[in-house]
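Spelled out from the first residue to the last, the chains are:
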Amino acid sequence: VQARAFAPASVGNIGVGFDLLGHSIDGPRDVATVRRIDAPEVRITAISGDIPGVDRLPLEAARNTAGQALISMREKLGLAHGFELSLVKGIPLGSGLGGSAASCVAAVVAANALLDEPLPREALYEFALDGESVSSGSRHGDNVAPMLLGGVVMATHDRMIALDVPEWLHAVVVHPDQMLETRRAREVLAEPYPLHDVVRQSAHLALFLTGLQRGDASLLREGLVDLLVEPRRASLIPGFAAAKAAALANGALGASISGAGPSTFAWFASREAAEAAAPMMRVAFAEAGYDSRAYVTPV
Ligand code: HSE
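Residues numbered from 1 in each chain as written. Predicted model: local features only at pLDDT ≥ 70, side-chain atom pairs only at ≥ 80, totals over all residues. Heavy atoms only, no water.

K.L.:
Just to check I follow, could you spell out the overall build of the chain for this structure?
P.N.:
Across its full length, the chain holds 10 helices and 10 strands. The C-alpha radius of gyration of the chain comes to 19 Å, within 12% of the 19 Å expected for a compact globule of 299 residues. The dimensions of the chain, computed from C-alpha atoms along their principal axes, are 60 × 40 × 40 Å. Counting across all 299 residues of the chain, residues that qualify as buried make up 55%. Residue pairs at least 24 apart in sequence account for 73% of intrachain contacts in the chain once pairs closer than 6 positions are excluded. With the model as given, the accessible surface of the chain reaches about 12600 Å², and the carbon-plus-sulfur share is 51%. In the chain, the 25 positive side-chain charges and the 33 negative ones have mean positions that sit 2 Å from each other. (Helix = DSSP H or I, 4+ residues; strand = E, 2+ residues; numbered from the N terminus. Rg over C-alpha atoms; globule rule 2.2 N^0.38 Å. Buried < 20%, exposed > 50% of the residue type's maximum accessible area, 1.4 Å probe, protein only. Contact = heavy atoms within 4.5 Å. Areas by Shrake-Rupley, 256 points an atom, 1.4 Å probe, with all protein chains shown as cover. Lys, Arg positive; Asp, Glu negative; His and termini not counted. Charge placed at Lys NZ, Arg CZ, Asp CG, Glu CD.)

K.L.:
When you look at unusual backbone geometry in this model, what are you seeing that I'm missing?
P.N.:
Note: most peptide bonds trans; most residues except glycine with negative phi. Residue Gly261 is joined to Pro262 through a cis peptide bond whose omega torsion reads 10 degrees. Within the fold, Pro262 resides in the loop between β8 (254-257) and β9 (264-268). One non-glycine residue with positive phi stands out, namely Ile14, at about 45 degrees. When you line up the elements, Ile14 lands in the loop between β1 (2-12) and β2 (21-37).

K.L.:
I tried to follow the sheet that holds β9 on my own but got confused; where do I start?
P.N.:
Two orientations exist for strands paired in a sheet by backbone hydrogen bonds: parallel and antiparallel. In spatial order, the strands read β8-β9-β7-β10; together these 4 strands make up an open sheet with antiparallel pairing. Every interior strand has two partners, whereas the edge strands, β8 and β10 (292-298), have only one. Shown here is a sheet whose adjacent strand axes are inclined to one another by a mean of 20 degrees, direction ignored. Across the face of the sheet, helix α9 (residues 240-249) comes into contact with β8 and β9 while running at roughly 160 degrees to β8. In the packing of helix α10 (residues 271-287) onto the sheet, contacts are made with β7 (170-176), β9 and β10, and the angle to β10 comes to roughly 160 degrees. (Pairing = 2+ DSSP bridges. Axes fitted to C-alpha atoms, helices over the stretch in contact; angles between N-to-C directions.)

K.L.:
Explanation requested: the pairing of β1 in the structure shown.
P.N.:
The buried fraction of β1 is high, at 8 of 11 residues. Where β1 lies against β2, 10 bridges are found, and the strand directions are antiparallel. Residue pairing in the sheet places Val11 in a bridge with His23 of β2.

K.L.:
Can you walk me through the packing of aromatic side chains in this structure?
P.N.:
The geometry of an aromatic ring pair comes down to the distance between the two centres and the angle between the two planes. Following the criterion strictly, the structure yields 1 aromatic pair and no others. One cation-aromatic arrangement involves Arg232 over Tyr193; the distance from NZ or CZ to the ring centre is 3.8 Å. (Phe/Tyr/Trp six-rings, centres within 6.5 Å; stacked < 30°, edge-to-face > 60°. Lys NZ or Arg CZ within 6 Å of the ring centre and 35° of its normal.)

K.L.:
Can you help me understand helix α2 (residues 99-113) in this one?
P.N.:
Working note: α-helix, 3.6 residues per turn, so residues spaced by three or four point in the same direction. When the terminal C-alpha atoms of α2 are compared, their 22 Å separation across 15 residues agrees well with the 21 Å that a helix rising 1.5 Å per residue should span. The element α2 is extensively covered by neighbouring structure, given that 13 of its 15 residues are classed as buried. (Expected span 1.5 Å × (residues − 1).)

K.L.:
Teacher, can you tell me more about the environment of Pro146 here?
P.N.:
Here Pro146 lies in helix α4 (residues 144-149). Sequence separation between Pro146 and His23 is 123 residues; the distance between their C-alpha atoms is 5.2 Å. Filtering out sequence-adjacent residues up to four positions away, Pro146 remains in contact with Ser10, Gly22, His23, Ser24, Gly141, Gly151 and Val153.

K.L.:
Quick question: what am I supposed to make of the nonpolar core here?
P.N.:
The nonpolar side chains of soluble globular proteins are, as a tendency, buried together. Membership of the largest hydrophobic core comes to 68 residues, with the highest contact counts inside it found for Leu70, Leu85, Phe208 and Trp267. Among the elements that make up this core, the one with the highest residue count is α2 (10 residues). Core analysis: the second largest hydrophobic core is formed by 22 residues, Val174, Ala185, Ile237 and Ala277 among them. (Core = buried A, V, L, I, M, F, W, Y, C linked by side-chain atoms within 4.5 Å.)

K.L.:
I keep staring at the site of the ligand and nothing clicks. Help me out?
P.N.:
Residues in contact with the ligand, as listed here, are Asn13, Phe18, Asp19, Glu132, His140, Asp142, Asn143, Thr182, Arg186, Arg233, Gly259 and Ala260. Within the side chain of Asn13, an N or O atom sits 2.8 Å from an oxygen atom of the ligand. Here Arg233 contributes a side-chain N or O atom positioned 2.8 Å from an oxygen atom of the ligand. Protein contact buries 96% of the 260 Å² of open area that the ligand shows by itself. (Near = heavy atom within 4 Å. Polar contact = N/O pair within 3.5 Å; in protein donor to acceptor, adjacent residues only side chain to side chain.)

K.L.:
What exactly am I supposed to notice about the pattern of salt bridges here?
P.N.:
When the charged atoms of two side chains lie near each other, side chains of opposite charge can form a pair. Summed over the entire model, instances satisfying the criterion amount to 12 salt bridges. For Asp30, the salt bridge is made with Lys89, and the minimal N-O distance between the two is 2.6 Å. Of this pair, Asp30 sits in strand β2 while Lys89 sits in the loop between β4 (82-88) and α2, and the two are 59 residues apart along the sequence. One salt-bridge network, in which partners are shared between bridges, spans Arg35, Glu41, Arg43 and Glu84. (Salt bridge = Lys/Arg side-chain N within 4 Å of Asp/Glu carboxyl O.)

K.L.:
Sorry, what's going on with the side chain of Glu84 here?
P.N.:
Looking at the secondary structure, you find Glu84 in strand β4. Engagement of the side chain of Glu84 in a polar contact is seen with the side chain of Arg43, the distance being 3.0 Å. Here Glu84 is in contact with Thr33, Val34, Arg35, Ile37, Arg43 and Thr45, once residues within four sequence places are set aside.

K.L.:
Which parts of the structure should I look at to understand the pairing of strand β3 (residues 42-48)?
P.N.:
Of the strand pairs in this sheet, β3 and β4 are connected by 6 bridges, and their pairing is parallel. Bridging across to β4, Val42 finds its partner in Phe83. Traced from β3 through helix α1 (residues 65-77) to β4, the parallel crossover comes out left-handed. (Right-handed = clockwise from strand over helix to strand, strands pointing away.)

Fair warning: the whole summary comes from geometry, so function is off the table for now.
Laid out in structure tokens, this is it:
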């Protein structure tokens, strides 16, 4: 018996909610095929996909994010049987689109369908988190949670809350042809932050969440400003500042780095506005010397 599941890419952090907020996108995806086996172990048989570096991903289950997610699922549920997994990666590595999280989510969703008693999505969160932490060295759910539930999701250390979003909200996500390792993008955050910056950021987060709940574009515009993480990461991403400026000059409510970068996202009050701004954001990366792909997606 086997099951297949996909997980979409996502925008981690949404600028203002570091390690806390994320949203799924209609764009690239990872696909996992899982087979239930009698042997009490997790095996990875193949990892393929048309993305650079796919052949460098470890096949050893404990070193692979999706493999580790299934190991965690077996151990925590006390399963007597094992799983055999194959992955087709569509989300580029080191892109800031949640590729490592997507493999975990696709694997646990497929494996869940093979359980004698499949669990609700919420129960899969901790297994996916256990897997994701293999790659980033830290436990955060801002990518796995929106991949599990869809839409905008708040991901705390132990739970996921899907947030209401106005139906007009659209995002542009531009992936420049650069690779940035999450570990490296987290190293630059090591220095302490002054309390007054944290307080100002809390105000932005509060405005942002209220804006989402009320469907109020001007509150979203005020709130979608990241004072903590983006200023320290921006210089790791050639073309980011210009792409963000292009988004804002073309009507974006706000723009920032997607996940750990280098992908860059912007939010808009309509699909038309998002579609008009996407090429301008790509031009900014082109002028910095980078090809890119843009995705326009409902949020
Ligand atoms: N919240 C994470 C970060 C996303 O920004 O480092 C990448 O895993």
